[in-house]
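Structural characterization, general
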Amino acid sequence: MVLEATMICIDNSEWMRNGDYVPNRFQSQADAVHLICGAKTQSNPESTVGVLTMAGKGVRVLVTPTTDLGKIFSCMHGVEVGGSADITAAVQVAQLALKHRQNKNQRQRVIVFAGSPITADKALLEVVGKKLKKNSVSLDIVSFGEEDDGKAEKLGAFLAAVNSNDSSHLLHVPAGSTVLSDALLSSPIFTGDGEGGSGFAASAAAGAAAAAAAAGGASGFEFGVDPNLDPELALALRVSMEEERARQEANAKRAAEAASASDSQNAQTRSAADVSMSEAAGVDSSAGVGQDFMDDENTLLKQALAMSMSDGAGHTGGDATMAETSGEDQDLAFALQISMQEAAASASGGTSEMNKVLHDQHFVSSILSSLPGVDPNDPSVRDVLASLQSENEQKPEEKKDKETDSSQ
Amino acid sequence: MACTHSHDCSEHDCASAWSLYKHIDLPRVWALNEAVEGSAKNVFRSWESRLDTSNGFLESNDDDPELLLFIPFTSDVKIKSVSVIGAGDGHSPSRMRAFLNRQDIDFSTAAEMNPVQEWELAENLQGTLEYQTRYARFQSVATLILHFPENFGADGTWISFIGLKGEATQLKRDAVAHVVYEALPNPADHRLPAESNVPSIL
């Protein structure tokens, strides 16, 4: 509820014809200006807002600070796009307009929309910034549109020169999916206003979120619902997602426990794949379809590997498949890991860790040399070690063969 | 209590003479070009604690020695004299210009306008100097604005204490001091004490 006089500096240069913001840069900027005007006047009835244009024939004040929103909106209609923006002159004119505000109790604030490349050099920007700081004028910069190198640096230096006590902000809105107004809503430019500003922001977010949900776009909130707006719905969605996840994990565990032999391993992998598939369907339908294909491939692969693994004690092969699948689907890997561990325990009767250790050549030879009566150079010992090593090599080779087969 | 003034002091209890600080509306004191927002309030203390620098100084921004200080009072006052304690190393202000009862002063207008009174200050680290005002002009002061344009050569101006001597009338210059507009009635803003539960049909 800060009593504030704000001057908004609009960029109406040639660069604003670009369409990388929907519908074009100038229109999205105008929407953002409407939003700001509404928020400022709503947070405090005595706050005033004025508008000036930075480009065109020169810096021109469209509206001096006023509480009348209709005047502001009507002036925005007649603005023509052309020329190039002069930021330093615009900010100085804004400062002058604020100096002559009617209510001297209002704080002074300038909001600059920097959409075109900045021609002024950094030193000049810093001098202007210091002058603003000396006269206790806060500055908000919305950087969008053109992104030449040096622009971010110059704006950062400008902000640092003006900023006193964190009352000034710099917001960078890249081109792409986000609408300029939405990006502003969640920024400190709005939320820094306090409760009044965020109340307006929440109500505007309702409209924005509804539109975004209809378009299927991301509104930036989890589950597409604003927690501020509808806390019960957001909470219910979150709780149900947690429950679903817990249920899937419980299913996977139960399926893993039911295994005892290699053919039930196949059933496990299939059921694990089913579990992951159903979960994928629950999360996102489009992504789930892609995962189904991958899961089918995985199940064939797993079956082949499981059969080869039931022959010997090649647990490193199982670990290698773990690494493969974890990249694709964490829960599938988790379920498979459980099933594999159970299979390993039932197949060889030894733990997988012991076998891993045994496969480490250096460790094994050092142990053997420390044992009394065993000579590492003994041919029989060497044979055993060699066989262990060749098993290691065989497994990755077999796996690679199976992979090329199944991928074809 | 022995006073440390170099001039003749008719009353030995000097502290009571420098008591206009009690009539300053401290929450509404503000300054332009201060390095730390809110530090302007610290310079108004009682006379006994004028040399106490534990709360720090009112510092201007680096490389800019100008300071503009707005001092609103809770009632109209008459100001007889002003005492300013700066800091060493050239940080003390060298000139002081006073304006009265204006809301619209910033650095550019302060530089152009003629002040009500202007003083050349000396480095006054012990607070022994006081600067007399033209008393006839300072008869009903609701807001005192002090502009310090220069200092004794340092980068920033540091002020430790400002003392005001005079008397307070009980009059108020503005009829309406502070207004809050309500677009919608909000009961939370109008919370009365617990006695409001008593029925008012009587």
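Structure: above.
We now turn to the structure provided with this report. Remember, predicted model here, so these are calculated numbers, not experimental data.

The rules behind the values
Residues numbered from 1 in each chain as written. Chains lettered and ligands numbered in written order. Predicted model: local features only at pLDDT ≥ 70, side-chain atom pairs only at ≥ 80, totals over all residues. Heavy atoms only, no water. Contact = heavy atoms within 4.5 Å. Buried area = accessible area lost by both parts, 1.4 Å probe. Salt bridge = Lys/Arg side-chain N within 4 Å of Asp/Glu carboxyl O. Polar contact = N/O pair within 3.5 Å; in protein donor to acceptor, adjacent residues only side chain to side chain. Axes fitted to C-alpha atoms, helices over the stretch in contact; angles between N-to-C directions. Helix = DSSP H or I, 4+ residues; strand = E, 2+ residues; numbered from the N terminus. Parallel < 35°, antiparallel > 145°, perpendicular 65-115°, else oblique. Nonpolar A, V, L, I, M, F, W, Y, C, P; charged D, E, K, R; others polar. Pairing = 2+ DSSP bridges. Buried < 20%, exposed > 50% of the residue type's maximum accessible area, 1.4 Å probe, protein only.

Regarding the interface of chain B and chain A
How big an interface is tends to be stated in terms of accessible area lost as the parts join. At the interface, 14 residues of chain B touch twelve residues of chain A. Both sides together, the interface formed by chain B and chain A hides about 1,100 Å², and carbon and sulfur atoms give 50% of it. The tally of links between chain B and chain A comes to two salt bridges. With a shortest N-O distance of 2.9 Å, A:K134 and B:E66 are connected by a salt bridge. Taken together, chain B and chain A are joined by four residue pairs in polar contact (both at pLDDT 80 or more).

A closer look at the packing of helix α3 (residues 87-99) of chain A against helix α4 (residues 122-134) of chain A
Residue and element names in this part refer to chain A. Their axes nearest at 10 Å, the elements α3 and α4 cross at an angle of 10°. If you check the angle between α3 and α4, you find them roughly parallel. Contacts from I87, T88, V91, Q92 and Q95 in α3 reach L124, L125, V128, K131 and L132 in α4. Residues of the contact of α3 with α4, tallied by class, amount to six nonpolar, three polar and one charged.

Observations concerning the sheet that holds strand β4 (residues 107-114) of chain A
All names here are of chain A. If you trace the six strands from one edge of the open sheet to the other, you get β3-β2-β1-β4-β5-β6, paired in mixed fashion. If you trace the sheet from one side to the other, it starts and ends with β3 (60-66) and β6 (169-172), each paired once. Averaged over all pairs of adjacent strands, the angle between their axes in this sheet comes to 15°, without regard to strand direction. Here β4 pairs with strand β5 (residues 137-143) via seven bridges, running parallel. Among the inter-strand pairings, I111 is bridged to a residue of β5, identified as D140. With respect to the sheet, helix α1 (residues 25-43) is in contact with β1 (4-10), β2 (48-53) and β4, its orientation differing from that of β1 by roughly 175°. Against the sheet, helix α2 (residues 69-77) engages β1, β2 and β3, with an angle of about 170° to β3.

Observations regarding the pattern of salt bridges
Counted according to the given criterion, the structure contains 17 salt bridges over all chains. Between A:D20 and A:R25 there is a salt bridge; the shortest N-O distance is 2.8 Å. Here A:D20 falls in the partly exposed class, since its relative accessible area comes to 26%. Owing to a relative accessible area of 2%, A:R25 belongs among the buried residues under this scheme. Between B:D64 and A:K134 there is a salt bridge; the shortest N-O distance is 3.1 Å. Taken together, the residues B:D64 in the loop between β2 (58-59) and β3 (67-85) and A:K134 in helix α4 connect one chain to another. For B:D64, a relative accessible area of 17% puts it in the buried group. One continuous salt-bridge network, built from bridges that share partners, spans A:E4, A:K40, A:R109 and A:D140.

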